[in-house]
Amino acid sequence: MELSDSVAKGLQTLADPAYLGLHHFTALIEVAFRSLLSSRADGVFDHPDLKIIDQALLKHCHVAATTFILEAVKQNADKSTISSCLEEVKFDTERSDAFYTAYQKNKTSLENLLSSIDGCPPHVTDASWRLDYCIKNGHVHKVNQPSYLISFSTQNGENGATSSEVNFSCTLEQLQDLVAKLKDAGKTMERASQL
Amino acid sequence: MEEVDRILIHSLRQTGTDIDDDVQSIKQFSSELIVEAVVRCLRVIDPTLGNGLSPSLPPGMSARFRVGMSLAQACQDLGYKGESGYQTFLYSNEPEIRSLLMFLVEKLPRESAEALDQPAGKSALLQKAIAAQIKTQLALPWLPPSCRLSLHCKTQSSGPCHSFHAMQLSLPYSLKAPTKKQAKGRCNFVKEYWREYLLPVTSQPSHHASVPASLLENHASELSAAQEWESEWNSQGLLSRLTPEEYCSRKRARLQKRIEEQLRAATQPRPDTHSTTRSTSDLTDLLNSFGGTTTGVDILAKGTRFTHSEKFTFTQEPEKAAQQMAAAASILPSSHQSEEDLKAKQEVEISALQEQLQQLSVQMEEVGGDIRQLTVSIHQVSDELKRRELSNSEKEDTVRVKKQTINLLPDAENNLVKLQSLVEASAKRVVYLASQWEKHRAPLIDEHRRLKELCSNREMESSRKLCEIKDLHDKIRQSAEEAKKKESLYKQLIAEYDTLPKDVSRSAYTMRILEIISNIKKQKEEITKILSDTKELQKEINGLTGKLDRTFAVTDELVFKDAKKDESVRKSYKYLAALHENCTQLIQTIEDTGTIMREIRDLEEQIETEHGKKTVSNLEKILEDYKAIRQENSALAAKIREGQV
């Protein structure tokens, strides 16, 4: 995991007992996780322990900590990677353990946060169908053809979960083709899993 | 044999042979399976040899026969000592196939062990991870959305999404390093801003959703900038022999100069329209400010640009505003007039003003042209002036010389002598000075040469050191890369080791091998014991026969001597001879029985092996195949006949 100079410097400050005591450190780490996860923008540094620290320093440390957390989650870093990385910026074992426990606690929600940065197509959640039999229409006196009306109800992830419907009609052959293609897709997935 | 078969089947599976799970021993191998296994092994051992062979048996009998022949030939080529032919594959018997497969499996290259040393490529790892992920997701049952737990939410429903949207962040950096002295005042202000007013980064973006995106983007851009600088410094900066700061400032100056040139070239005053002249004057002004602050810090330069633009807007705004105010004031009293009047009036006013404007601009242009002409003429005039002054001073000099000669003329001879002596003295002085100069010059030149040499030496030294530094940099990078590679390999191997099944432990295998070895030792001991026993017995038998022979000879002689004298003794001699003969016969019979017994055992063994060869079924198969071949042949013949007809 690569860190830029400014982040490394911020983490070094964070690791330095001369600037931050251990309980200040844990408070700041907690604040960093919370500020990433909660959407409440105001009052990030309202914690009473953090009032006494130089605010500029605090803000720098906060930037470094949040960036480091996001990078770690992005790379799916395990304990050894994180601890070696923190060791490089002079964290002692106590602090890196404290960081790791907090990281472990918040990892899934952070993963969700990062995976939500995505533009995804709508998901099919349900399907219903109806078989119609057309005897004649306005132009032809005798048609006598069956047709399927398919309706997919979909869920669109973008802008919250809104559900909509996709309707289409098809002949038996087209439906068979669709089913065959879907089966093919499923089989391909199975084959890919047996690598 | 079970053990051997299991190992064989395992290694055959590894070569890609599709062996069913219920096949447990070589006995269950069908002809198709044998052919496939052998071909797969051949392909692994020697691709050129194996690629010509198909792993599946063809339906036609003669083609099958050919495949068998070619397989046998290939095995012979690899050095298989045992007997092999088409019958080995088509009409298999267990021991032959086993020995053939053992030979092939032993020949398999042990590449898998070496392949593990290389770290698997990133793509392979990624594919593995993807496969594992798909497997876990496939294992989960699909649930309708209303029944989903949070466990499924991640994979089966999309959840709220938003696109990647990064925002510029303002970050409190270079906190502990107020680097430049001239920036100290500014730094204090900035620091105060950081301390008092700067929002924490997570509150800066307008949407909370874009916080992670902005932070990641910011970090990535910082990283890439650092990387770019690193590569540039290593490729060019190091060779320029400057400190990084100097290199930076020089590069900045160069870039600014280029930008300035470009801008100047683009903004050559073209008095086409009013607006362009205004903008060009603005730009040139900007350029001047730009040039003036080239030595300053970039942010300062930015600041001056802003102040300039500010100045422009604000110095011009008041005039305009005053004009507008005046216009408004003139309009205000007549507000009770009808709107049309007002409009007409306004239009008239506008046209008048436009006219005025045009007039003014025309005037401006004219005046500008005049000014340009005048400046050109001023230049010309000043040049002329300079030239005149120069010629003037020259003339004054000549006048002075002539004046002096005229003064000297009355007492010409004396003055001539004086002048000559003066000339001589000055010549002497010149010579003296030249010699003096030479005296001083030689050591100075030496010194100069020495210093030059020193300088060049230093330069060489420094370039050598530069090369070394570069080499070191390269080495460092290489070692870092290698270390990274090794680390990833180590991690990968550990992961692989963790996934490997633990129950098939090494110790069990070694234990079993040791057991087998001790068994073999025991058997060997027994064999040697039995052998020595047999030898002893043989010896005893030999001794006994010898003793018997000797005793018989002695007895025979004694009894023969006496037999001449006594009739009863002769009878006994006869009995003795008969006894001896009968006994030898008996021994012979016993020996014969032994050999026959041995033969019987041999034959029994042979029967066993023949039983193992599945002769009956194989014969039936051969008969069938023979029929098939005949049928094929007759069909072919019929075809030929048809063709001829």
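Residues numbered from 1 in each chain as written. Chains lettered and ligands numbered in written order. Predicted model: local features only at pLDDT ≥ 70, side-chain atom pairs only at ≥ 80, totals over all residues.

Under an unreviewed UniProt entry, chain B has the name Coiled-coil domain-containing protein 22 and belongs to Electrophorus electricus. Per UniProt, chain B has the following entry under Sequence similarities (unreviewed entry): "Belongs to the CCDC22 family." (UniProt positions renumbered as here; feature names shortened; annotations may be inferred.)

Per an unreviewed UniProt entry, the recorded name for chain A is COMM domain-containing protein 3, and the organism is Electrophorus electricus. As stated in UniProt under Sequence similarities (unreviewed entry), the record for chain A gives "Belongs to the COMM domain-containing protein 3 family."

Glancing now at the overall build of chain A. Across its full length, chain A holds six helices and three strands. Ordered by position from the N terminus, the helices and strands of chain A form the series α-α-α-α-α-β-β-β-α. Looking at the 195 residues of chain A, the share that counts as buried comes to 24%. Contacts in chain A between residues at least 24 apart in sequence constitute 58% of all its contacts with a sequence separation of at least 6. (Helix = DSSP H or I, 4+ residues; strand = E, 2+ residues; numbered from the N terminus. Buried ≥ 20, exposed ≤ 12 C-beta atoms within 10 Å, placed from the backbone. Contact = placed C-beta atoms within 7 Å.)

The number of helices and strands found in chain B is 19 helices and zero strands. Out of the 645 residues belonging to chain B, those deemed buried represent 8%. Restricting the contact set of chain B to residue pairs at least 6 apart, pairs at least 24 apart contribute 50%.

The next thing to look at is the nonpolar core. In this structure, Leu14, Leu28, Ala32, Ala64, Ala65, Phe68 and Ile69 of chain A are the most contacted members of the largest nonpolar core, which totals 35 residues. Mapped by element, the contributors of at least two residues to this core are α1 (5-15), α2 (22-37), α3 (55-74), α4 (79-88) and α5 (93-115) of chain A together with α11 (210-237) of chain B. In terms of residue count, the dominant contributor to this core is α3 of chain A (ten residues). Among residues more than four places away in sequence, those in contact with Ala64 of chain A are Val7, Gly10, Leu11 and Leu14 of chain A. Formed by 26 residues, the second largest nonpolar core is a distinct cluster that contains Val67, Cys75, Leu90 and Val105 of chain B. (Core = buried A, V, L, I, M, F, W, Y, C linked by C-beta atoms within 7 Å.)

Here we come to helix α6 (residues 94-107) of chain B. Residue and element names in this part refer to chain B. If you check α6, its first and last C-alpha atoms are 20 Å apart, about what 14 residues at 1.5 Å a residue would give, namely 20 Å. Inspection of α6 places Ile97, Leu100, Leu101, Leu104 and Val105 among the buried residues, and these make up the whole buried set. Viewed along the axis of α6, the buried residues span an arc of 135°, placing them on a single side of the element. The inward-facing, buried residues of α6 abut α1 (2-14), α2 (31-45), α4 (61-78) and α5 (86-90). (Expected span 1.5 Å × (residues − 1). Arc of directions from axis to C-beta.)

What follows is about the sheet that holds strand β3 (residues 162-170) of chain A. All names here are of chain A. The antiparallel open sheet is built from three strands, whose spatial order is β1-β2-β3. Only two strands of the sheet have a single neighbouring strand rather than two, namely β1 (123-134) and β3. When strand polarity is set aside, the average angle formed by the axes of neighbouring strands in this sheet is 15°. As defined by bridge partners, strand β2 (residues 145-156) adjoins β3 across nine bridges and the pair is classed as antiparallel. Counted as the bridge partner of Thr154 is Ser164 from β3. (Pairing = 2+ DSSP bridges. Axes fitted to C-alpha atoms, helices over the stretch in contact; angles between N-to-C directions.)

Our focus in this paragraph is the interface of chain A and chain B. Across the contact, 44 residues belong to chain A and 38 residues belong to chain B. Mapped onto the side of chain A that touches chain B, the elements with two or more residues apiece are α1, α2, α3, α5, β1 and α6 (172-193) of chain A. With twelve residues, α3 of chain A is the single largest residue contributor to the side of chain A that touches chain B. Here the side of chain A that touches chain B is composed, by residue class, of 17 nonpolar, 17 polar and ten charged. (Nonpolar A, V, L, I, M, F, W, Y, C, P; charged D, E, K, R; others polar.)

Now for unusual backbone geometry. All names here are of chain A. Backbone geometry places Asn76, a non-glycine residue, at a positive phi of 55°. As for its position among the elements, Asn76 is in the loop between α3 and α4. What makes Asn76 exposed here is the crowd of 10 C-beta atoms within 10 Å. Of note, Asn144 is a non-glycine position whose phi angle comes to about 50°, a positive value. Its location among the elements puts Asn144 in the loop between β1 and β2. Assessed through the 9 C-beta atoms surrounding it within 10 Å, Asn144 is described here as exposed.

A separate point is the pairing of β1 of chain A. Residues and elements named next belong to chain A. Burial runs low along β1: only zero of the twelve residues are buried. One ladder, built from eleven bridges, connects β1 with β2; its direction is antiparallel. Looking at β2, one finds that Tyr133 is bridged to Pro146.

Another point: the environment of Gln12 of chain A. Position of Gln12 of chain A among the secondary structure elements: in helix α1. In the structure, Gln12 of chain A is positioned 49 residues away from Cys61 of chain A in sequence and 8.7 Å away in space, judged by C-alpha atoms.

Now for the UniProt feature "coiled-coil region" (unreviewed entry) in chain B. Feature annotation in UniProt places "coiled-coil region" (unreviewed entry) on residues 336-370 and 469-496 of chain B, given in this structure's numbering. The straight-line gap between the two end C-alpha atoms of residues 469-496 of chain B is 40 Å; of that span, 100% is helix and 0% is strand.

Next up on the list: helix α16 (residues 412-499) of chain B. Residues and elements named next belong to chain B. With 88 residues, α16 extends 123 Å from end C-alpha to end C-alpha; this agrees with the ideal 130 Å at 1.5 Å per step. The axis of α16 is deflected most strongly, by about 25°, at Arg441, and proline Pro443 appears within four residues downstream. Judged by how many residues are buried, α16 sits mostly at the surface: zero of 88 residues are covered. (Bend = angle between axes of the 7 residues up to and from the residue.)

Okay, the packing of α2 of chain B against α6 of chain B next. Residue and element names in this part refer to chain B. For the pair α2 and α6, the least separation of the axes is 9 Å and the interaxial angle reads 25°. In terms of their interaxial angle, α2 and α6 are classed as roughly parallel. Of the two possible hands of crossing, α2 and α6 adopt the one that is left-handed. Facing α2, whose interface residues are Ile34, Ala37, Val38, Cys41 and Ile45, α6 presents Ile97, Leu101, Leu104, Val105 and Lys107. (Parallel < 35°, antiparallel > 145°, perpendicular 65-115°, else oblique. Left-handed = near helix turned anticlockwise from the far one by under 90°.)

Attention now goes to the confidence of the model for chain B. Any region with low pLDDT has predicted coordinates that should not be read closely. Residues and elements named next belong to chain B. When pLDDT is averaged along chain B, the result is 81; 82% of the residues meet or exceed 70. Looking over chain B, one finds the lowest element-wise mean pLDDT in helix α14 (residues 298-331), namely 48, and the highest in helix α15 (residues 339-408), namely 93. Between residues 175-182, whose pLDDT stays under 50, and residues either more than four places distant or in other chains, the model counts seven contacts. Low confidence marks residues 292-317, where pLDDT is under 50. Its contacts with residues over four positions away, or in another chain, come to 16 contacts. Among the prediction metrics, the complex's ipTM stands at 0.80, with pTM recorded as 0.50. (pLDDT = per-residue confidence, 0-100.)

What follows deals with the environment of Leu70 of chain A. Counting through the fold element by element, Leu70 of chain A comes out in helix α3. A tally of 21 C-beta atoms within 10 Å means that Leu70 of chain A is categorised as buried. Along the sequence, Leu70 of chain A and Leu110 of chain A sit 40 residues apart, while their C-alpha atoms lie 7.8 Å from each other. Look past the residues within four positions of Leu70 of chain A in its chain and what remains in contact with it is Pro212, Leu215 and Leu216 of chain B.

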